[in-house]
Amino acid sequence: MAITGLSGFACRPHFSLRPPFFHCIRKARYGAVVAIETLDEPEPIIDNKRHNSGVELREGDCNGPKWKKLNSKELGITNSMIASPTRKILNGLKQRGYEVYLVGGCVRDLILKRIPKDFDIITSAELREVARAFSRCEIVGRRFPICHVYVGDTVVEVSSFSTTGQKFGGDWNYDTQSPIDCDEKDYMRWRNCSQRDFTINGLMFDPYEKIVYDYIGGLEDIRKAKVRTVTPASNSFQEDCARILRAVRIAARLGFRFSRETAHFLKHFAHSILRLDKGRLLMEMNYMLAYGSSEASLRLLWKFGLLEILLPIQAAYFVHCGFKRRDKRSNMLLSLLSNMDKLLAPDRPCHSCLCGCFNLDQPRKTNRELTLSGLES
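Cut-offs used in this document
Residues numbered from 1 in each chain as written. Predicted model: local features only at pLDDT ≥ 70, side-chain atom pairs only at ≥ 80, totals over all residues. Heavy atoms only, no water. Helix = DSSP H or I, 4+ residues; strand = E, 2+ residues; numbered from the N terminus. Buried < 20%, exposed > 50% of the residue type's maximum accessible area, 1.4 Å probe, protein only. Contact = heavy atoms within 4.5 Å. Areas by Shrake-Rupley, 256 points an atom, 1.4 Å probe, with all protein chains shown as cover. Phe/Tyr/Trp six-rings, centres within 6.5 Å; stacked < 30°, edge-to-face > 60°. Lys NZ or Arg CZ within 6 Å of the ring centre and 35° of its normal. Expected span 1.5 Å × (residues − 1). Polar contact = N/O pair within 3.5 Å; in protein donor to acceptor, adjacent residues only side chain to side chain. Core = buried A, V, L, I, M, F, W, Y, C linked by side-chain atoms within 4.5 Å. Pairing = 2+ DSSP bridges. Disulfide = S-S within 2.5 Å.

K.L.:
Which parts of the structure should I look at to understand the overall build of the chain?
P.N.:
Counting its secondary structure elements, the chain contains 16 helices and 13 strands. Looking at the chain as a whole, 52% of its 377 residues qualify as buried. Counting only contacts in the chain whose residues sit at least 6 apart along the sequence, the fraction spanning at least 24 positions is 69%. Surface summary for the chain: the accessible area is close to 17900 Å², and the carbon and sulfur share equals 50%.

K.L.:
For this particular structure, what's the right way to read the environment of His268?
P.N.:
Inspection of the secondary structure puts His268 in helix H10 (residues 260–268). Expressed as a C-alpha distance, the spacing of His268 and Phe304, which sit 36 residues apart in the sequence, is 8.9 Å.

K.L.:
Would you explain the packing of aromatic side chains in this entry?
P.N.:
The relative placement of two aromatic rings is captured by the distance of their centres and the angle of their planes. In this structure the tally under the stated criterion is eleven aromatic pairs. Centre to centre, the rings of Tyr101 and Phe161 are 6.0 Å apart; their planes meet at 80 degrees, and the pair counts as edge-to-face. Residue Tyr101 is located in strand S5 (residues 100–103), and its partner Phe161 is located in helix H5 (residues 161–168); the two are separated by 60 residues in the primary sequence. Since its relative accessible area comes to 0%, Tyr101 is described here as buried. By relative accessible area, which is 10% here, Phe161 ends up buried. Consider the rings of Tyr213 and Tyr215, whose centres lie 6.0 Å apart with planes at 5 degrees: the pair is stacked. When its relative accessible area of 5% is taken as the criterion, Tyr213 is described as buried. A relative accessible area of 0% means that Tyr215 is categorised as buried. Taken together, Trp67, Tyr101, Phe161, Tyr213 and Tyr215 form an aromatic cluster joined through their ring pairs. Its end group placed over the ring of Tyr287, Lys117 keeps NZ or CZ at 4.3 Å from the ring centre.

K.L.:
Explain helix H11 (residues 278–290) to me, please; I cannot follow it from the model alone.
P.N.:
An α-helical turn contains 3.6 residues, so a residue and the one three or four places further along point in the same direction. Relative to the 18 Å expected for 13 residues at 1.5 Å per residue, H11 spans 18 Å between its end C-alpha atoms, a close match to the ideal helical length. Within the span of H11, buried status applies to Leu281, Glu284, Met285, Asn286, Met288, Leu289 and Ala290. Residues of H11 that are buried in the fold lie against helix H9 (242–254), helix H12 (294–303), helix H13 (307–310) and helix H15 (332–341). Capping the start of H11 is the job of one residue whose side-chain oxygen sits 3.1 Å from the backbone nitrogen of Gly279: Asp277. Where H11 terminates, the next one or two residues include Gly292, which has phi positive at roughly 100 degrees.

K.L.:
Teacher, can you tell me more about the nonpolar core here?
P.N.:
Most often, soluble globular proteins keep nonpolar side chains buried together rather than apart. One finds Leu102, Phe258 and Leu298 to be the most contacted residues of the largest nonpolar core, which totals 85 residues. Sorting elements by how many residues they give to this core places H9 first, with nine residues. Those residues in contact with Leu102 that lie beyond four places of it in its chain are Ile82, Thr86, Leu90, Val107, Leu110, Phe119, Asp120, Ile121, Leu203, Met204 and Phe205. Judged by nonpolar contacts, the second largest core, of twelve residues, contains Trp67, Tyr101, Phe161 and Ile216.

K.L.:
What am I meant to see in the pairing of strand S10 (residues 203–206) here?
P.N.:
Across a regular strand the side chains alternate sides, sitting on one face of the sheet and then on the other. With burial as the criterion, each face of S10 is covered, one bearing Leu203 and Phe205 and the other bearing Met204 and Asp206. The pairing of S10 with strand S11 (residues 211–214) spans four bridges and is classified as antiparallel. In the strand pairing of S11, Met204 is matched with Tyr213. Counting the residues between successive antiparallel strands, the hairpin from S10 to S11 contains four residues, one of them, Lys210, with a positive phi of roughly 55 degrees.

K.L.:
Explain the environment of Leu306 to me, please; I cannot follow it from the model alone.
P.N.:
By secondary structure assignment, the location of Leu306 is in the loop between H12 and H13. Along the sequence, Leu306 and Leu266 sit 40 residues apart, while their C-alpha atoms lie 9.5 Å from each other. Sequence-distant contacts of Leu306, defined by excluding residues within four places in its chain, comprise Ile244, Val248, Leu266, Ala270, Ile273 and Leu301.

K.L.:
Where do I start with unusual backbone geometry in this structure?
P.N.:
Unlike most non-glycine residues, Lys210 shows phi in positive territory, near 55 degrees. Here Lys210 shows up in the loop between S10 and S11. Given the relative accessible area of 12%, Lys210 is considered buried. Despite not being glycine, Ala225 has its phi angle at roughly 55 degrees, a positive value. Looking at the element boundaries, Ala225 is found in the loop between helix H7 (218–223) and strand S12 (226–227). Ala225 sits in the buried class, given a relative accessible area of 3%.

K.L.:
What is the right way to read helix H2 (residues 84–94) from this model?
P.N.:
Burial runs high along H2: nine of the eleven residues are buried. Those residues of H2 not exposed but buried are Pro85, Thr86, Arg87, Ile89, Leu90, Asn91, Gly92, Leu93 and Lys94.

K.L.:
It is not clear to me how the state of the cysteines should be interpreted in this structure. Could you clarify?
P.N.:
Here is the idea: a disulfide is a covalent bond, and it sits between the sulfur atoms of two cysteines. Taken as a whole and assessed by the stated rule, the structure comprises zero disulfides. A disulfide-free cysteine, Cys147 has its sulfur positioned 3.8 Å from the sulfur of Cys137, the nearest such atom. Since its relative accessible area comes to 0%, Cys147 is described here as buried.

Shown next, in the form of structure tokens:
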């Protein structure tokens, strides 16, 4: 999908989170929209004539970093960065009176001036209401259903606050305090952000009010170039071991480092990824290799003891070359990947068949086999 107005950032973020919007949030004001406007590029969301109607940005306290509502313009986010199919869906739901937000990694990437791999929408509408709003829409997933809305050749995922709330239900018992002085909508947004995998994925963007909501310290971790789990890493990785591979993928793509706790338990629970089914493993590995960060991904997989589990042939090659876990040198395989990465990007990935050269379907080794082969660390 083509997104205009973006320039790629290499490795760690080079943007500047300027002090004014971190320390003067209470002074920032911008207009409320009386009529619902669309997100088409030629028209601004908020008319300049209404810009001084006075919606005050607030911040409150929670158990950890202060929560913030930030003007998206201060973060450099413009509507032209949102892909056209996504804007059509946002407009369609907003015009029907529903709350709509961009959420997750796409908000993080917009802040970093990177091209999002995809855009995820969350709405106050029920999924059946989303399905009624668009002719080409299907509800997928049994346990945690979402909507796939088709606009041309693009598929946009739309989730509902109602179903994401049920996802955690009574099992969500972490000692996390809700924001002080928050209204019902704040609580709804905070609850959803607090259930996400990593803090940098826990940002929510309202393109109509031009507000980015940060309830769990995601912007601070973006500034520090850090991947940190929202809940304690031990619990987070045990709840969903796929987060281990997502953490590696995100850190490799952005050039971020892991928080100390996240790094410790990522390595500690490395073997739990064997519980994932074959299809999920193939999907995660394809994401790592096909979008322009394959060299960094392989280095991290090797560093944290995951390469021998997923790609034992490549791990054996590293051992044969005398390649250490924290080795900064390169080798023939890493040089190959580095050259391939120069040709790829999130909006122009390689075909999945290219990754077949890595034999992603090779047999996985058990813990005992890893120990006997000398690859267990």
